[in-house]
Amino acid sequence: MLSTLIYRSRLNPDVDSGELNQIVLSAQRNNEKISVTGILLFDGDYFFQILEGPYAEVNALFQDICQDSRHNTIVELMRDYAPMRRFGNLGMELFDLRHFKREFVLEAVLAKGTSKYNLTYDDRAFKFIRTFVEGRWRDQVQEISEAPGWQFIPENTPFTKLTGSTPVGQPCEFALQPIVEPLQYRISSLEALIRSPGGGAPAHYFASLAKDKLYEADLQSKAWALSLAKKIGLGNHMISINLLPMSLVMVPGAVEILLEQIACNGLVPEQVIVEVTEDEVISRFDEFETAIRQLRSAGISLAIDDFGSGFAGLSLLSRFQPEKIKIDRQIITDVHKNGVRQAIVQAIVKCCSSLEISVVAEGVEKPEEWCWLEAAGIRHFQGYLFARPELNGVSPIAWPRKNHVLK
Ligand code: C2E
Ligand code: MN
Ligand code: MN
């Protein structure tokens, strides 16, 4: 299985940085032998390295690096699985940032990329590169936005609305709700929320199922969610689907089934985000972890849903790091008025920033909540303030516009 490891370290001051080329040459020879590729950045003081290759080889190499006295203060930033190498052509190319104009480094790094889907600005690994190049990791200071004065003006979306009643034989339907980046006027993804035929709530739908069919029905229902995505004209947008963790564990071949559903609807795994909803303890964590690896290896993104409520908390985060965390609505509601929730949100933002995980605030209903959360550094939002879920379609989105100041 192809794994990725990213770390940052500081060059031991006793080592002459003039020796660097020699060090890199011998590393290149060694990496080629064990089929490890990647990229190495150096800013005169700190290293930043991406290692990619077979799981065991990458781990063993990193162990060696950790023992190497030329590196100080090694910080492991990311471990992940990917469908293909990001830098498949290189033994291990060195980018000495001191010899580059800053604005050209990212382009130069991107140009070395070999993976079609991964090496975009949304890719976690690339975000790490960018943060390192820009030196942003050194000071994680939050900007504070100016006082509010916003209007929310609904605008139609490019998606088609389906009409008519539930087709005979279809056991469920889906409502779609956008997750947005309001100041970019950008839709980050559409979340598919299950409904019983005619529009009943998820609890209603799940209550109608025999208990032993729950996980299978949950997984199989995604075929309808993905076919809805196709019918509304998802295009290049992302689609988020909800799954109980145990649906990935209990249904044999769950990931293969999901991949087939994705392909059947003309979508690619890179545009699918799986949200694991945590209302039960993950009792067979090893098997769950295997499913996660399979999902990541196929190119599917992961989100922890309802973070901060129930079982979706820090212990889960300590066991695997998703691309996205969705902060539970209970923490978001009235955050502008509640010091405890503010401290929790700031800690989550800080933690997710160190781990390059995107944060989504769920259940945003008030402009004041949104303004506070923007100031705290959150950029992705979901809630009635922007758009409600709509059965078989996407409702108009209320984008914020600055009020004109009257003098
Ligand atoms: P969720 O995944 O956290 O989805 C967001 C829920 O919050 C949705 O409720 C949505 O309608 C609601 N919501 C969104 N914005 C706001 C807001 O501003 N204020 C308020 N008060 N609520 C807001 P919904 O559709 O009833 O879904 C409830 C839960 O059911 C979902 O929570 C998810 O955990 C679960 N669910 C939905 N679809 C599926 C599915 O296909 N499989 C599984 N396993 N669970 C699903
Ligand atoms: Mn969800
Ligand atoms: Mn949620």
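Position labels on residues start from 1 in each chain and follow its written sequence. The lettering of chains begins at A and the numbering of ligands begins at 1, in the order of writing. With the structure being a predicted model, the display of local features is reserved for residues of pLDDT at least 70 and the display and counting of side-chain atom pairs for 80 or more, all residues being used for whole-chain, interface and lining totals. The side-chain figures draw on all heavy atoms in the structure; neither hydrogens nor water molecules are used.

Participant: Would you mind going over the coordination of the manganese ion (ligand 2) with me for this structure?
Facilitator: The protein atoms that coordinate the manganese ion (ligand 2) are E191 (OE), N242 (OD1), E275 (OE) and D305 (OD), at distances spanning 2.0 to 2.2 Å. Atoms of type N, O and S within 2.8 Å of a metal are treated as its donors, and for Na, K and Ca the window is 3.2 Å; water is not considered, so some sites may appear to be missing partners. Within one chain, the residues serving as donors to the manganese ion (ligand 2) are arranged as E-x50-N-x32-E-x29-D. Between the manganese ion (ligand 2) and the manganese ion (ligand 3), both coordinated by D305, there is a metal-metal distance of 4.1 Å. Of this pair, N242 sits in strand β9 (residues 239-243) while D305 is found in strand β11 (residues 301-307), placing the two residues 63 residues apart along the sequence. You'll find N242 and D305 in the same group, each marked buried. Comment: elements are numbered from the N terminus, with helices defined as DSSP H or I runs of at least four residues and strands as E runs of at least two. Each residue is assigned to one of three classes by its accessible area relative to the maximum for its type, calculated with a 1.4 Å probe on protein chains only: buried under 20%, partly exposed between the two thresholds, exposed over 50%.

Participant: How should the packing of helix α6 (residues 214-232) against helix α8 (residues 254-264) be read in this particular structure?
Facilitator: The geometry of a pair of packed helices is captured by two quantities: the angle between their axes and the separation between those axes. Angles here are taken between N-to-C directions and fall from 0 to 180 degrees, while the axes themselves are lines fitted to C-alpha atoms, restricted in helices to the stretch in contact. Between α6 and α8, whose axes approach to 9 Å, the crossing angle comes to 20 degrees. Here α6 lies roughly parallel to α8, going by the angle between them. Of the two elements, α6 crosses α8, and the hand of that crossing is right-handed. Between α6, through L219, Q220, K222, A223, L226 and K230, and α8, the contact on the second element is made entirely by A254, I257, L258, Q261, I262 and C264. Basically, the charged four are Asp, Glu, Lys and Arg, the nonpolar ten are Ala, Val, Leu, Ile, Met, Phe, Trp, Tyr, Cys and Pro, and anything else, Gly included, counts as polar. Along the lines of polarity and charge, the residues of the contact of α6 with α8 split into eight nonpolar, two polar and two charged. Here roughly perpendicular refers to angles of 65 to 115 degrees, roughly parallel to angles under 35, roughly antiparallel to angles over 145, and oblique to all remaining angles. By convention the crossing between two helices is left-handed if the near helix lies anticlockwise of the far one by an angle smaller than a right angle, and right-handed if it lies clockwise. Should any heavy atoms of two residues lie within 4.5 Å, those residues are counted as being in contact.

Participant: How do you make sense of the coordination of the manganese ion (ligand 3) when you look at a structure like this?
Facilitator: Put simply, the ideal angle at a metal is 109.5 degrees for four donors in tetrahedral geometry and 90 or 180 degrees for six donors in octahedral geometry. Within the protein, D305 (OD), D306 (OD), E362 (OE) and E362 (OE) serve as the donor atoms for the manganese ion (ligand 3), at 2.0 to 2.4 Å. Spacing between the donor residues of the manganese ion (ligand 3) along the chain follows D-D-x55-E. With relative accessibility at 3%, the residue D305 sits in the buried group. On the basis of relative accessibility, which here comes to 25%, the residue D306 falls in the partly exposed class.

Participant: When you look at the state of the cysteines in this model, what are you seeing that I'm missing?
Facilitator: Note on terminology: disulfide describes a covalent bond linking the sulfur atoms of two cysteines. The disulfide definition used here is simple: a pair of cysteine sulfur atoms within 2.5 Å. Enumeration over the complete set of coordinates arrives at zero disulfides. Not engaged in a disulfide, the cysteine C264 finds its nearest cysteine sulfur in C172; these two sulfurs lie 16 Å apart. Left unpaired, C351 is separated from the closest cysteine sulfur, that of C352, by 5.0 Å. On the accessibility criterion, C351 (27% relative accessible area) is partly exposed.

Participant: What is the right way to look at the environment of N265 in this model?
Facilitator: Along the chain, N265 turns up in the loop between α8 and β10 (272-276). Separated by 259 residues in sequence, N265 and I6 place their C-alpha atoms 34 Å apart. In this structure, N265 is in contact with A223, L226, S227 and K230, ignoring residues within four places of it in sequence. A polar contact of 2.9 Å, which involves the side chain of N265, links it to the backbone oxygen of Q261. Definition of a polar contact: a pair of N or O atoms within 3.5 Å, with one able to donate and the other able to accept a hydrogen when the atoms are protein atoms, and with sequence-neighbouring residues admitted only if both atoms are side-chain atoms.

Participant: Is there a simple way to explain the site of ligand 1 in this structure?
Facilitator: Nearness of a residue to a molecule or strand requires only that one of the residue's heavy atoms be within 4 Å of it. Near ligand 1 there are 25 residues, and of these R195, D218, D305, E365 and Y384 occur at the shortest range. Taking N242, its side chain carries an N or O atom lying 3.0 Å from an oxygen atom of ligand 1. Between D306 and ligand 1, the recorded distance is 3.0 Å, taken from a side-chain N or O atom to an oxygen atom. For ligand 1, whose unbound accessible area comes to 800 Å², protein coverage reaches 82%. A pocket, in this scheme, is an open set of points on a 1 Å grid over the protein atoms alone with protein on both sides within 12 Å along at least 5 of 7 lines, while a cavity is a set where a 1.4 Å probe fits but cannot get out; residues line either one if an atom lies within 4 Å of a point. More than half of a molecule's atoms lying within 2 Å of a cavity's or pocket's grid points is what places that molecule inside it. Mapping ligand 1 onto the cavity grids shows that it belongs to the second largest pocket. Among the secondary structure elements, those contributing two or more residues to the shell around ligand 1 are β7 (173-181), β8 (186-195), α5 (202-207), α6, β9 and β11. The greatest single-element share of the shell around ligand 1, amounting to four residues, is contributed by β8. Note on areas: Shrake-Rupley, 1.4 Å probe, and residue coverage restricted to the protein chains presented here.

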